[in-house]
Amino acid sequence: MSEYILEIKNVTKMFHGLVAINDLSMKVKKGQIYGIIGPNGAGKTTLFNCITGIYTPEMGQILWKGKEIKGTTPYKIAELGILRTFQTIRLFAEMSVAENIMSGRHIKSKQKWYNGVIPTPAYFKDEKEQWMKVGELMEFFNLSQYATTPAGDLSYGVQRRIEMARALAAEPELLILDEPAAGLNEHETQELTDTIRKIQAMGVTIMMIEHDMEMVMSLSEYITVINFGAKISEGLPSFVQDDPVVVEAYIGSDEEDEHE
Amino acid sequence: MMNKTSMIALVLLLISGVYPFFVDSAWLAIGTTFLVFSCVAFSQDIILGRAGVFHMGHAMFFGLGAYTTAIMNVQFGLPILASWAPAVLIPMFVAFVLAGPIIHLRGDYLLVATIGFNIIFIQVLENDVFGLTGGPNGIFGIDVVRLFGFEFASQTYMYYMAFILLGITLFIMRTLDRSKFGRAMFYINKDEIAAQSMGVSVRYYKLYAFIIGAGIAGAAGSMFSVQYSAVSPEAFDVTQSIMFFTIVLVGGSASLPGVLIGTFIMFVLPEVFREFETARYLVFGLAMILTMILRPRGIWPVRFGNIPNFLKKDVK
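Nothing here was measured: the structure is a model prediction, and the numbers come from that model.

**Remarks on the overall build of chain B**
Looking only at helices and strands, chain B features 12 helices and 4 strands. For chain B, the C-alpha radius of gyration of 20 Å lies close to 20 Å, the compact-globule estimate for 316 residues. Reported as C-alpha extents along the three principal axes, the dimensions of chain B are approximately 60 × 45 × 45 Å.

**Here we look at the confidence of the model for chain B**
Mean pLDDT over chain B stands at 91; residues scoring 70 or higher make up 98%. Across the interfaces of the predicted complex, the ipTM metric reaches 0.92, alongside a pTM of 0.92.

**A few points about the packing of helix α3 (residues 58-75) of chain B against helix α9 (residues 202-228) of chain B**
Residues and elements named next belong to chain B. One way to put it is that α3 packs onto α9 with a least axis distance of 6 Å and a crossing angle of 50 degrees. Compared by their axis directions, α3 and α9 come out oblique. For α3 against α9, the interelement crossing comes out right-handed. Mapping the contact onto sequence places His 58, Phe 61, Phe 62, Gly 63, Leu 64, Gly 65, Ala 66, Thr 68, Thr 69 and Ala 70 in α3 and Ala 214, Ala 217, Gly 218, Ala 219, Ala 220, Gly 221, Ser 222, Phe 224, Ser 225 and Val 226 in α9.

**Considerations on the domain arrangement of chain A**
As assigned here, chain A comprises domain 1 (4-81 + 172-251) and domain 2 (93-155). Computed over C-alpha atoms only, the centres of domain 1 of chain A and domain 2 of chain A are separated by 29 Å.

**Observations concerning the sheet that holds strand β5 (residues 67-68) of chain A**
By way of backbone hydrogen bonds, the strands of a sheet pair with one another, either parallel or antiparallel. Residue and element names in this part refer to chain A. Taken in spatial order, the 4 strands line up as β2-β1-β4-β5 in an open sheet, and their pairing is antiparallel. Pairing within the sheet leaves two strands with one partner each, and these edge strands are β2 (18-29) and β5. Sheet topology note: the strand β4 (residues 59-64)/β5 ladder contains 2 bridges and is antiparallel. By the bridge assignment for β5, Leu 63 is matched with Glu 68. Strand contacts of helix α1 (residues 44-51): β1 (4-15), β2 and β4, with the helix running at about 65 degrees to β2, the strand carrying the most contacts.

**Regarding the sheet that holds strand β7 (residues 174-178) of chain A**
Residues and elements named next belong to chain A. Ordered by their spatial adjacency, 6 strands build an open sheet running β6-β7-β8-β3-β9-β10, and the pairing between neighbours is mixed. Each of the sheet's edge strands pairs with one partner strand only, and the pair in question is β6 (82-84) and β10 (230-235). In this sheet, adjacent strand axes meet at a mean angle of 20 degrees when their direction is disregarded. Bridge count for strand β3 (residues 33-37) against strand β9 (residues 222-227) is 4 bridges, and the pairing is parallel.

**Some points on helix α5 (residues 107-126) of chain B**
Residue and element names in this part refer to chain B. Taking 1.5 Å of rise per residue, the 20 residues of α5 would be expected to cover 28 Å, and the 29 Å separating its terminal C-alpha atoms lies within 8% of that figure. Turning to α5, its buried residues number three or more, namely Leu 110, Ala 113, Thr 114, Phe 117, Asn 118, Phe 121 and Leu 125. End-on, the buried residues of α5 take up no more than an arc of 145 degrees, which puts them together on one face. Away from its buried face by more than 90 degrees, α5 exposes Asp 108, Tyr 109, Val 112 and Gln 123. After α5 finishes, the residue Asp 128 shows a positive phi value of roughly 50 degrees.

**Side note on unusual backbone geometry**
Residues and elements named next belong to chain A. Located in the positive-phi region is Asp 23, a residue other than glycine, with phi close to 50 degrees. The residue Asp 23 is located in strand β2 in this model. The class of Asp 23 is partly exposed, set by 14 C-beta atoms lying within 10 Å. Here the phi dihedral of Lys 65 falls at roughly 50 degrees; this positive angle occurs in a residue that is not glycine. Within the fold, Lys 65 resides in the loop between β4 and β5.

**Some remarks on the interface of chain A and chain B**
Listed per partner, the contact involves 39 residues of chain A and 34 residues of chain B. Mapped by element, the contributors of at least two residues to the side of chain A that touches chain B are α2 (74-80), α3 (97-102) and α4 (121-140) of chain A. If one sorts the elements of the side of chain A that touches chain B by residue count, α4 of chain A sits on top with 5 residues.

Calculation notes
Residues numbered from 1 in each chain as written. Chains lettered and ligands numbered in written order. Predicted model: local features only at pLDDT ≥ 70, side-chain atom pairs only at ≥ 80, totals over all residues. Helix = DSSP H or I, 4+ residues; strand = E, 2+ residues; numbered from the N terminus. Rg over C-alpha atoms; globule rule 2.2 N^0.38 Å. pLDDT = per-residue confidence, 0-100. Axes fitted to C-alpha atoms, helices over the stretch in contact; angles between N-to-C directions. Parallel < 35°, antiparallel > 145°, perpendicular 65-115°, else oblique. Left-handed = near helix turned anticlockwise from the far one by under 90°. Contact = placed C-beta atoms within 7 Å. Domains from an automatic or database assignment. Pairing = 2+ DSSP bridges. Expected span 1.5 Å × (residues − 1). Buried ≥ 20, exposed ≤ 12 C-beta atoms within 10 Å, placed from the backbone. Arc of directions from axis to C-beta.

Below, the structure is given as structure tokens:
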């Protein structure tokens, strides 16, 4: 097995003949924070949807720990240890915060098929364990006070935290964050940055799409830049930041001022 | 200290426990049917209210249970008790076989498919397939429950058997709601993509809901056939399915008190207004229209946040 936990090899995804992702390749190392940037509509979210099984690419390979996972259904991808958040928050809005986070414990729960109808001692033990874990996560993400509040009633920043807590509850090996800082204020973004570092310290590999350049440059260890579905640059943040191709993609070739 | 809901539940339990001693036989029969229909409504609620599957053929599973008991008893001379397990298992098996190929369909398409199943079921019954179903007239002369030479023949026994069945149903609903299975159904219902991304197999849990729902409906059907000692096709047609569907929406999807209220309004109230003949169905229709306008989530909507107390310590 290679040192890369996730390898994307020459992936192409088309929608009705339009190319959304074009011959894209990247390699993510275990334990890394991997940044993906690019203008709107570049195909970043489509890439995440391909990795998590929502879309199946027409060509190429997606290797998870060396094994092909292209075309695997989303729930099996989650069982493999790849969990995600969504660009447009997708919480179970009417359900309480605790119940939302509990959904992350679904794949870790050991309840047997008959436990939906018949409780057994093992079921009670398992149920308690999973709720305990939810309690820990609510504390980690500072959500305990909202335990019984419907997730949809809370502010945007809090909802983003719930979504991360929910994904983390499944004890992922790879956490995929789709614009985690979108809609957050400066203070919340700073908190998020700290949280992502803490998650990395737990040994979780992180892939992240983000438009907040300051944040993505400070967090990422490696960055791929996508435009029109294709990779236009990759490397360390310091390299990508000054790559003329990237600057052109973001600002346009006619612009004089290259720095933000 | 008890909360308001448990108080109401306790009072209702006491009233329904002594109900047979205070009413005449007509009202006793209505009470029994109310209990049986509540079980069916709850089983519909597992599929519709929890898993969010627009299933409008539930009378078929109810009928399968009823006909299983009727056929085993009248055509094959087996005791009622021997038919109880098959009356649960056959609907479950049929649910598995029929729902499998349609479970991936989106809401409205699935609804049409389930109505189709219900219509075919009625056709099978009316055409007296294999000479077992008795055709349009159905099957008469179903026995009473006998155990060790004792006959549970009176309507009061019938009432308490239905009472116990409802108790078992409520126990199952409660267990389901507090297990990963019930929660998975809610996650699918609220956001299918998010649920899948958390590792929930949409297909598995929708089928699970169908199979459990069919089993409970089958048990209720068996009870129903013994109560009236007869079964006939029109009791299990699409109109009946629409009623079970409506009970859940009017009462409140996934809400235990809501479904009981729904059953009461849709079934007992029309009985109260029986003297007004067919005009009583005005109640039925008006309840549906008014509830959907005024309380789209049902008369007693479900409340989430049913979590262990130790997680509530920081809640202000």
